[in-house]
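Examining the three-dimensional arrangement
Next come the chains, spelled out residue by residue.
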Amino acid sequence: MSKGLSGMFQPRSIAVIGGGAWCRQVIVQCRRMGYGGAIWPVHPKAAEVEGYPAFARLEDLPGAPDAAFIGINRHATIEAVALLSAMGAGGAVCFASGFSEALAEDETGSDLQAALVAAAGEMPILGPNCYGFVNALDGALLWPDQHGCSRVERGVAILTQSSNIAINLTMQQRGLPIAYVVTCGNMAQTGQARIAMALLDDPRVTAIGLHIEGFGDLRDWEALAAKAHARGVPLVALKVGASEQARQATVSHTASLAGSDAGAQALLDRLGIPRLRALPDLLETLKLLHCCGPLAGRGIASISCSGGEASLIADMAEGGGLRFPPLSGDQRVRLRAALGPMVALSNPLDYHTYIWRDTDAMAAAWSGMTGEGIALTVSIVDYPVTDASDWACATQAALRVRAETGAPFAVVATLPELMPPDVAAELMAGGVVPLMGLREALAAAEAAASLRAPDPVPLCLPGQVAAERLLDEGAAKAALAAHGLAVPRNRTARADGMAQAIEGLRGPFAVKGVGLAHKSDHGAVRLGVAAADIARVASEIGTSEVLVEEMVSDTVAELLVGVVRDPAHGFVLTLGAGGVLTELMRDTVSLLVPAAPEAIRAGLEQLRIAPLLAGYRGKPGANMDAILEAVAAVQDYVLAHAETLGEVEINPLLATPDRAVAVDALIRKG
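Thresholds applied
Residues numbered from 1 in each chain as written. Predicted model: local features only at pLDDT ≥ 70, side-chain atom pairs only at ≥ 80, totals over all residues. Heavy atoms only, no water. Salt bridge = Lys/Arg side-chain N within 4 Å of Asp/Glu carboxyl O. Helix = DSSP H or I, 4+ residues; strand = E, 2+ residues; numbered from the N terminus. Buried < 20%, exposed > 50% of the residue type's maximum accessible area, 1.4 Å probe, protein only. Axes fitted to C-alpha atoms, helices over the stretch in contact; angles between N-to-C directions. Parallel < 35°, antiparallel > 145°, perpendicular 65-115°, else oblique. Left-handed = near helix turned anticlockwise from the far one by under 90°. Contact = heavy atoms within 4.5 Å. Pairing = 2+ DSSP bridges.

One pass over the full model with this rule turns up 28 salt bridges. A salt bridge links Arg231 to Asp201, with the shortest nitrogen-to-oxygen separation between them at 3.0 Å. One end of the pair, Arg231, is in helix α7 (residues 218-231); the other, Asp201, is in the loop between α6 (192-199) and β12 (205-212), and 30 residues separate them in sequence. Between Asp330 and Arg334 there is a salt bridge whose closest N-O contact spans 3.1 Å. Of this pair, Asp330 and Arg334 both sit in helix α12 (residues 329-339), four residues apart, which is roughly one turn of the helix. The exposure class of Asp330 is partly exposed, given its relative accessible area of 48%. Sharing partners across several salt bridges, the network here consists of Glu473, Lys477, Lys512 and Glu549.

Shown next, in the form of structure tokens:
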């Protein structure tokens, strides 16, 4: 574990500063977990706290504590942190609230938080406004409340900014071995990514789950993803902020910048971190990763003794990223030998109940659903809450399959409550994943199959200059053309100078009003204008100047190419259906700048209009290389102006069989 946090997370001595109920509970929980190190209560008046002799001042301690829980008011917390830092303490948990998360009620909160960070110096702190951590590997914890963790030899780590969510997750009854739970609070000094990087140094950690409200330092997240991939420890995340209400709650709760959800998704994709949408899904995914690690593919096999369950899992997986490969010849031979001629072989498979209670036959049949192209085999088993003794054959069959084949294998209860805790523990001990809930199981499998290496190219980070100046279309096109973007030949002129403006240009023309961001909304775009009509049309548009340009023919599809400055995530590149379809279809994908050509191509192939680009019903397709060159030109402009850029939008980019031409452009910059 990294030197900066190892002393705090694996402490040999703990100081508990304060004598209230929260501080007493820290000592109680340490004792219950069997913590074997020294515990030093610090209280100015008490002789003892929870049976431990108390010290009146920090200066009276026998030495610098490896970890300290500070459970006193916010002003006194700053003083205690300064003393601990001067003593050379390993780190501190700052429990008090009223710092930057309380700015709406107390405008001094930000100043106090800055003072706290200054007081800490090089000493790591968690919080303020957080519960601290539980280390269930060593029985060490700075935690002022109940928790559901028990001692484990290896397990997953869970990091969250919310202490309440952390408590709830420790209470899970899903058989998941939790090695660490860490709450981050305001992250005044030590961010979530840096904490996760420290936990990666503990070889007993098998996977890390992150409940994220805001990212903070993006370079730290890039470093975390790279280190986790190098160490072979998978990361998965539950990122909140998809709704406007959630974004508002995030800002008020953690004083972190949530940013756009499209940017958050693009960042997680770039880091190779799968995203879950619910806490049960996060727990089940961590359990799958703890037992099996990342899945080798998206092919899964399902076996159950009911056709209803076979149909249910097939329907629930429809539209997702998982697939049920058809049975191979070898699988059919093995299954037929185990099941006889009465069972129709398929994937998902209903094996009926002919072999129920025959553990040997059940193991043989379930083994038959493993093999090449199958990343995970699941057996659907619901254990009754009345008397589950007759289901012991299923447990033993699953354990035998895992032991004999070594293939990733899971027993899935369609309802979470139909997987008894003792059965889950027995399956886990044998390397079989006890997944609770069919929907959760599918979410876990999809996430475990989505892990990949992070993009090694650093993100382009936005500058701090406010972007308030809007370039007109002609200036925007000229700026982008200088970076290689193809634009129509055009000229800007006053309405009474149209005859000279179109000299050397070939009609028909597009005529547009200058100075309007959304010209179509103002009726300021006229297409297919003949040379003889151009003066009249320019006068009707009504702006002091108009842009006249040659029209583009043979269009296959209209695309949107946009880049928006997102302070929380970088520059978000959006690709999608453009023109009049932009708002109607909302057919877009988002990446972060710089995006590699292969990522851009893959993004375009995800669009609903992808068949048009490929050539639909015998019609010619678009020149994909030209589209990629256009996007590359936009990115090149962004990289050159990152300090001042707010937004770039091309809508539409006309894709033809030969080229890709930007016929409208907008740039907002400082």
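Look at helix α10 (residues 279-292) against helix α16 (residues 438-450): their axes get within 8 Å of each other, and the N-to-C directions meet at 55 degrees. Judged on the interaxial angle alone, α16 and α10 are oblique. As for how α10 packs across α16, the hand of that crossing is right-handed. Seen from α10, the contacting residues are Pro280, Asp281, Glu284, Thr285, Leu288 and Leu289; seen from α16, they are Arg439, Glu440, Ala443, Ala444, Ala445, Ala447 and Ala448.

The subject of this paragraph is the sheet that holds strand β24 (residues 545-550). Read across the open sheet, the four strands follow the order β21-β24-β22-β23; overall the sheet is antiparallel. Taken across any chain shown, the strands that pair with only one partner, and hence form the sheet edges, are β21 (490-494) and β23 (525-529). Between one strand axis and the next, the sheet turns by 20 degrees as a mean value, whatever way the strands run. Pairing geometry for strand β22 (residues 509-513) and β23, over three bridges, is antiparallel. Residue Lys512 lies in a different strand from β23, and its bridge partner there is Val525. Set on the sheet, helix α17 (residues 473-481) makes contact with β21, β22 and β24; between it and β24 the angle comes to about 45 degrees.

The next thing to look at is unusual backbone geometry. What is expected of a backbone is that most residues other than glycine have negative phi and most peptide bonds are trans. In this structure, Pro128 follows Gly127 across a cis peptide bond, with omega equal to 5 degrees. Position of Pro128 among the secondary structure elements: in the loop between β7 (125-126) and β8 (133-135). Its identity is not glycine, yet Glu50 carries a phi of approximately 50 degrees, on the positive side. With respect to the helices, strands and loops of the structure, Glu50 is situated in the loop between β3 (48-49) and β4 (52-53). Backbone geometry at Asp554 places phi at a positive 60 degrees, although glycine is not the residue there. Note that Asp554 resides in the loop between β24 and β25 (557-566).

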